[in-house]
Amino acid sequence: FKGEQGKTVFTGGLTLNGYTLVVGEACDLDGETRRISEGVAETLGLDYCGIDLLYGRGGPTVCEVNSNAFFGGIERVTGVNVARIYAEHIVREMYPVVKK
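Caption draft 1: Just the overall build of the protein, in detail. Per the secondary structure count, the protein includes three helices and four strands. Taken across its 100 residues, the protein has 21% of its residues classed as buried. A separation threshold of at least 6 residues defines the contact pool for the protein, and within that pool the share at least 24 residues apart is 30%. With an accessible surface of roughly 7,700 Å², the protein has 55% of that area assigned to carbon and sulfur atoms.

Caption draft 2: Representation of the nonpolar core within the structure. Among the nonpolar cores identified, the biggest contains six residues, and these are I36, V40, A41, C49, I51 and L53. At the level of secondary structure, the elements contributing two or more residues to this core comprise helix 1 (31-44) and strand 3 (50-56). In terms of residues, this core owes the most to one element, helix 1, which gives three residues. The contact partners of L53, leaving out residues within four places of it in the chain, are T33, I36, S37, P60, T61, V62 and C63. Y48, I74, V80 and V82 belong to the second largest nonpolar core, which has five residues in total.

Caption draft 3: Fine view of the pattern of salt bridges. Counting across every chain of the model gives two salt bridges. E38 serves as the salt-bridge partner of R34, at 3.1 Å between the closest nitrogen and oxygen. In this pair, R34 and E38 are both assigned in helix 1, four residues apart and thus about one turn of the helix distant. E38 gets classed as partly exposed once you look at its relative accessible area, which sits at 47%. Where E88 meets R84, a salt bridge forms, and the shortest distance between an N and an O atom there is 3.3 Å. Taken together, the positions of E88 and R84, both in helix 3 (residues 82-94) and four residues apart, correspond to about one turn of that helix. According to the relative accessible area criterion, E88 is partly exposed, its value standing at 37%.

Cut-offs used in this document
- Residues numbered from 1 in each chain as written.
- Predicted model: local features only at pLDDT ≥ 70, side-chain atom pairs only at ≥ 80, totals over all residues.
- Heavy atoms only, no water.
- Helix = DSSP H or I, 4+ residues; strand = E, 2+ residues; numbered from the N terminus.
- Buried < 20%, exposed > 50% of the residue type's maximum accessible area, 1.4 Å probe, protein only.
- Contact = heavy atoms within 4.5 Å.
- Areas by Shrake-Rupley, 256 points an atom, 1.4 Å probe, with all protein chains shown as cover.
- Core = buried A, V, L, I, M, F, W, Y, C linked by side-chain atoms within 4.5 Å.
- Salt bridge = Lys/Arg side-chain N within 4 Å of Asp/Glu carboxyl O.

Here it is, written out as structure tokens:
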């Protein structure tokens, strides 16, 4: 998603039995990762989702898509209020402004 300052953010993390093993961080997405992620979301008809990618010699591979992804980690890492942005998006989609 686009953060408030327009910077694209990506976070990742790894937990096991409630213990954080790897902490995510903000970064700019490369074009291929963006294209794959947006294509997956569009194909599945999702406005918001978490996409887990594995990176190997052949480039990124989609591992898993979470249609009800948590955004607490994204908010913690980036300082962006994802809940507010997503709530505003939902309201705009449900109640579009009718132009006279």
